[in-house]
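What follows is each chain in one-letter form.
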Amino acid sequence: MSATTRRLTTAQALVRFLSAQYTERDGVRRRLIAGTWGIFGHGNVAGVGQALLEAGEDVMPFHQGRNEQSMVHAAVGYARQLNRLSAQAVTTSIGPGATNLVTGAALATINRLPVLLLPGDYFATHSADPLLQQLEHPVEADVSVNDTLRPVSRYFDRITRPEALIPSALQAMRVLADPAETGAVTLALPQDVQAEAYDWPEEFFAERVWYVRRPAPDPVELTAAVEAIRSAERPLIVAGGGVHHSEAEAALKTFVDATGIPVSSTQAGKGSLRHDHPADLGGIGHTGTAVSDDLARTADLVIGVGTRYTDFTTASGTLFRNPGVRFVNLNITGFDAHKLAARTLVCDARSGLERLLEELAGHRVSEAYEAEYRAGKERWDEVVEAAYRADDESAVPTQTQVLGALDAAVGDEDVVINAAGSLPGDLHKLWRSRSPRQYHLEYGYSCMGYEIPAGIGVQQAAPGTPVWALVGDGTYLMMPTEIVTAVQEGLPLNIVLIQNHGYASIGGLSEETGGERFGTAYRFRAADGTFTGAPLPVDLAANAASLGMDVLRAKTVRELREALVTARASDRPTCVYVETDPAPTAPPAEAWWDVPVAETASRAAAVEARERYDRQVAGRRRHL
């Protein structure tokens, strides 16, 4: 080794390089890659695995996972908790280890959250061909299963020579740290290249800081946005996840306090204002509150802040009904800012809100408009109280009463995590967020199995924070394996496991769309061959206990309240198991969601569902 180079394997060089990367925003510096998750096989054990061992925990902390998809979920939970300023890497072997990353990668990219994926790959030299687990393509010999990660990655490269790592690693860090481009980044690592030595320039291992920009709004765009807001009589802010990623919550509050413009929130944006702020109207769209959706229907200006406007937010294009409605979208990405033919404000959320407030000095909505939405908020608060209330504490709780009991048990600093099933809708309508990071809903991909590993990532990012993973039985059965990781790492993760014997959310959707709950219940087959027999005798609480958790079984509302308090005080991973009353108690949907229904059918349920569908779809509108 000369004075200007260092001889290392490609994997060793990558680990050293990653350990020296940092982000900085507002003067706060963090490690960009704070640790690496891994499951080892023949595609990475002698490469990245050996490099991590040689580097040691001080250089690159290592976390042992049980499922590759779960490891990505944990890394995503970590990055979200830290507002995308720090991320984790995930290394896998070739073959199924690599393809197991695809779901997690899609989730990360859809939610605009950074994660670095390091899957093993086939021999670059093709010296041994075919390999164990190799997919042979008859006309494209350079294709590997890792190519499935291309469409779900924001950046992808296959490192076929050691020296090719240098420009690719720099590009990977640029994308991870860029708030307008971030998502899953994949560096596919052929197993022979991982172990190959090279003389690396010392400059490659120098400490490097990636500054996370806060771009200011363009003056022309700013002027047009200010004019639109000043001329609006019924403006409504839609707060998305970008408010949190930018740490713009205080700027939003200051803006709202000055202008009186009310705020509705997407799943990702909930908590942008505290629930008890007079201008916080709660969720918007298909799972939104009545007051949010009523105002959305009559709004003449919708101000999107850090949102990408999914179909749940827009009620599949049927929510914003005012004939003259226009949009102003403040977003760090031009791609999202231009949606709904909006006037654009392409900038950082905090910077944009601060500049808007300066230009809108003295402007405020009418007293009548404020009185209207505040009265609507009060009415909805009564709906929440009714859903949470349990008059008989000796009764089996409903799902909304479970949320009410949890609401009473948590503190402002607690984090509540969910992603799929019927809980996201109930939470979006009913949960009373008390702090910016308390409400952690992954609803970009709505991935069953996200909650438990994401809880681990959140606790790694915020040690000492009480974390609650809320899961139904369907979600639990998808991916409970990282319970073992929580036990191994001594993380006091709390799981609230709700048993309702099947896919409750999809069961309801199936019924609404003419599917008659087909294939959605966890039951034995009946004599006619359908799954309508007795509930399966599955003891999920026993399963959680077998994986190392403390388990508290709650049969009544009173027992549930006691169990939640006990779990929060515990320093061990704890599962609160509760079987709920299946009777629906959540408020009905306040807006539509487009799930196409069979255009022709012989069964009456489907025919009736199609008639309802045709009536609803007639209200769709394209905003041009």
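Bear in mind that the values here come from a model prediction, so they are computed numbers and not experimental data. (Residues numbered from 1 in each chain as written. Predicted model: local features only at pLDDT ≥ 70, side-chain atom pairs only at ≥ 80, totals over all residues. Heavy atoms only, no water.)

1. Some remarks on the overall build of the protein
Phase 1: On a plain count of helices and strands, the protein comes out with 24 helices and 23 strands.
Phase 2: Burial status across the protein gives 58% buried among its 624 residues.
Phase 3: Counting contacts in the protein only where the partners sit at least 6 residues apart, residues at least 24 apart contribute 76% of the total.
Phase 4: Approximately 24500 Å² of the protein is accessible, and the part contributed by carbon and sulfur atoms is 53%.
Phase 5: Taken as two groups, the 57 positive and 77 negative side-chain charges of the protein have centres that lie 3 Å from each other. (Helix = DSSP H or I, 4+ residues; strand = E, 2+ residues; numbered from the N terminus. Buried < 20%, exposed > 50% of the residue type's maximum accessible area, 1.4 Å probe, protein only. Contact = heavy atoms within 4.5 Å. Areas by Shrake-Rupley, 256 points an atom, 1.4 Å probe, with all protein chains shown as cover. Lys, Arg positive; Asp, Glu negative; His and termini not counted. Charge placed at Lys NZ, Arg CZ, Asp CG, Glu CD.)

2. A short note on the side chain of glutamate 451
Phase 1: Counting through the fold element by element, glutamate 451 comes out in helix H18 (residues 451–461).
Phase 2: Salt bridges are absent for the buried glutamate 451, whose nearest opposite-charge side chain, arginine 80, sits at 11 Å.
Phase 3: Here the side chain of glutamate 451 touches asparagine 418 through a polar contact of 3.3 Å, side chain to side chain.
Phase 4: Look past the residues within four positions of glutamate 451 in its chain and what remains in contact with it is Ile417, Asn418, Ala419, Ala420, Ala469, Leu470, Val471 and Thr475. (Salt bridge = Lys/Arg side-chain N within 4 Å of Asp/Glu carboxyl O. Polar contact = N/O pair within 3.5 Å; in protein donor to acceptor, adjacent residues only side chain to side chain.)

3. Notes on the state of the cysteines
Phase 1: For the coordinates displayed, the defined rule picks out 0 disulfides.
Phase 2: Left without a disulfide partner, cysteine 447 is nearest to the cysteine sulfur of cysteine 575, which lies 20 Å away.
Phase 3: Here cysteine 447 falls in the buried class, since its relative accessible area comes to 8%. (Disulfide = S-S within 2.5 Å.)

4. Some points on unusual backbone geometry
For residues other than glycine, phi is negative in most cases, and the peptide bonds are mostly trans.
Phase 1: With an omega dihedral of 0 degrees, the bond running from aspartate 129 to proline 130 counts as a cis peptide bond.
Phase 2: With respect to the helices and strands, proline 130 occurs in the loop between strand S7 (115–121) and strand S8 (155–158).
Phase 3: Even without being a glycine, leucine 340 presents a positive backbone phi close to 65 degrees.
Phase 4: Mapped onto the secondary structure, leucine 340 falls in the loop between helix H13 (334–337) and strand S17 (343–346).

5. A short note on the pairing of S8
The two faces of the sheet receive side chains in turn, since in a regular strand these alternate between them.
Phase 1: When S8 meets strand S9 (residues 184–190), the two strands line up parallel, connected through 4 bridges. Counterpart to aspartate 157 in the pairing with S9 is leucine 187.
Phase 2: In this region the chain leaves S8, passes through helix H6 (residues 165–177) and returns to the parallel neighbour S9; the handedness of that crossover is right-handed. (Pairing = 2+ DSSP bridges. Right-handed = clockwise from strand over helix to strand, strands pointing away.)

6. Here's the deal with empty space enclosed by the protein
Phase 1: Tallying each qualifying case throughout the model produces 2 cavities of 30 Å³ or more.
Phase 2: Considered as a void within the structure, the largest cavity measures approximately 180 Å³ in volume.
Phase 3: Lining the largest cavity are 19 residues; nearest its centre among them are Lys270, His275, Asp280, Gly282 and Trp431.
Phase 4: Considering each element in turn, the lining of the largest cavity owes the most residues, 4 residues, to helix H15 (residues 367–388).
Phase 5: Approximately 60 Å³ is the volume attributed to the second largest cavity.
Phase 6: Taken together, Arg25, Asn83, Arg84, Leu85, Leu176, Ala177, Asp178, Pro179, Thr182, Val212 and His245 make up the full set of residues lining the second largest cavity.
Phase 7: Taken together, the residues that form the lining of the second largest cavity break down as 5 nonpolar, 3 polar and 3 charged. (1 Å grid on protein atoms, 1.4 Å probe; cavity = no way out; pocket = protein on both sides within 12 Å on 5 of 7 lines; lining within 4 Å. Points joined across faces, edges and corners; volume = space filled by probe spheres on them. Nonpolar A, V, L, I, M, F, W, Y, C, P; charged D, E, K, R; others polar.)

7. Looking at the pattern of salt bridges
Phase 1: Summed over the entire model, instances satisfying the criterion amount to 41 salt bridges.
Phase 2: With a closest N to O distance of 3.0 Å, aspartate 276 and arginine 274 form a salt bridge.
Phase 3: Arginine 274 sits in the partly exposed class, given a relative accessible area of 34%.
Phase 4: Between glutamate 511 and arginine 517 there is a salt bridge, and its shortest N-O distance comes to 3.1 Å.
Phase 5: Judged by relative accessible area, glutamate 511 falls into the partly exposed class, the value being 48%.
Phase 6: Among the residues examined, arginine 517 registers a relative accessible area of 39% and is labelled partly exposed.
Phase 7: Taken together, the salt bridges that share partners define one network made up of Arg274, Asp276, Glu385, Asp407, Asp412, Arg432 and Arg434.

8. Regarding the sheet that holds strand S11 (residues 208–211)
Phase 1: Across the sheet, which stays open at both edges, the 3 strands sit in the order S3-S2-S11 with mixed pairing between neighbours. Edge strands, defined here as strands with exactly one partner in the open sheet, are strand S3 (28–31) and S11. Direction aside, the axes of adjacent strands within the sheet are offset by 30 degrees on average.
Phase 2: Alignment of strand S2 (residues 21–25) against S3, held across 4 bridges, turns out to be antiparallel. Paired with arginine 25 across the strands is valine 28, a residue of S3.
Phase 3: On the sheet, helix H1 (residues 10–19) packs against S2, S3 and S11 and is oriented at approximately 20 degrees with respect to S2.
Phase 4: Relative to S11, H6 is tilted by about 35 degrees, and along the sheet it contacts S2 and S11. (Axes fitted to C-alpha atoms, helices over the stretch in contact; angles between N-to-C directions.)

9. Thoughts on the sheet that holds S9
Phase 1: The sheet built from 6 strands is open, its strands ordered S5-S4-S6-S7-S9-S8 with parallel pairing. Here the strands that pair on one side only, and so sit at the sheet edges, are strand S5 (62–64) and S8. For this sheet, the mean angle separating the axes of adjacent strands, direction not counted, is 20 degrees.
Phase 2: Here strand S4 (residues 33–38) pairs with S5 via 3 bridges, running parallel. For glycine 38, the partnering residue across the bridge sits in S5 and is glutamine 64.

10. Re the layout of surface pockets
Where empty space is left in the structure can be found by rolling a water-sized probe over the atoms.
Phase 1: The computed volume of the second largest pocket comes to approximately 680 Å³.
Phase 2: Lining the second largest pocket are 44 residues; nearest its centre among them are Gly241, Ala268, Gly306, Thr307 and Arg308.
Phase 3: When contributions to the lining of the second largest pocket are tallied by element, the ones reaching two or more residues are helix H9 (241–245), helix H12 (311–314) and strand S16 (326–331).
Phase 4: Per element, the largest residue contribution to the lining of the second largest pocket is 4 residues, and it comes from H9.
Phase 5: Tallied by class, the residues present in the lining of the second largest pocket amount to 15 nonpolar, 19 polar and 10 charged.

11. Examining the packing of aromatic side chains
Phase 1: Within the structure shown, the criterion is met by 11 aromatic pairs.
Phase 2: The interplanar angle of 65 degrees and the centroid separation of 4.5 Å between the aromatic rings of phenylalanine 312 and tryptophan 593 together place this pair among those described as edge-to-face. Taken together, the residues span a long stretch of sequence, with phenylalanine 312 in helix H12 and tryptophan 593 in the loop between strand S23 (574–579) and helix H24 (604–617) at a distance of 281 residues.
Phase 3: The class of tryptophan 593 is partly exposed, set by a relative accessible area of 26%.
Phase 4: An angle of 85 degrees between the planes, with centres 5.6 Å apart, marks the rings of tyrosine 369 and tyrosine 373 as edge-to-face. On the criterion of helical spacing, the pair formed by tyrosine 369 and tyrosine 373 is a turn pair, its members being 4 residues apart in helix H15. (Phe/Tyr/Trp six-rings, centres within 6.5 Å; stacked < 30°, edge-to-face > 60°.)

12. Notes on the environment of valine 383
Phase 1: For valine 383, the position within the fold is in helix H15.
Phase 2: A relative accessible area of 30% means that valine 383 is categorised as partly exposed.

13. Thoughts on the nonpolar core
Phase 1: One finds Ile237, Leu252, Leu356, Trp468, Leu470 and Leu564 to be the most contacted residues of the largest nonpolar core, which totals 78 residues.
Phase 2: It is H15 that contributes the most residues to this core, 6 residues altogether.
Phase 3: By size, the runner-up hydrophobic cluster in this structure holds 45 residues, among which are Val72, Leu117, Ala454 and Met549. (Core = buried A, V, L, I, M, F, W, Y, C linked by side-chain atoms within 4.5 Å.)

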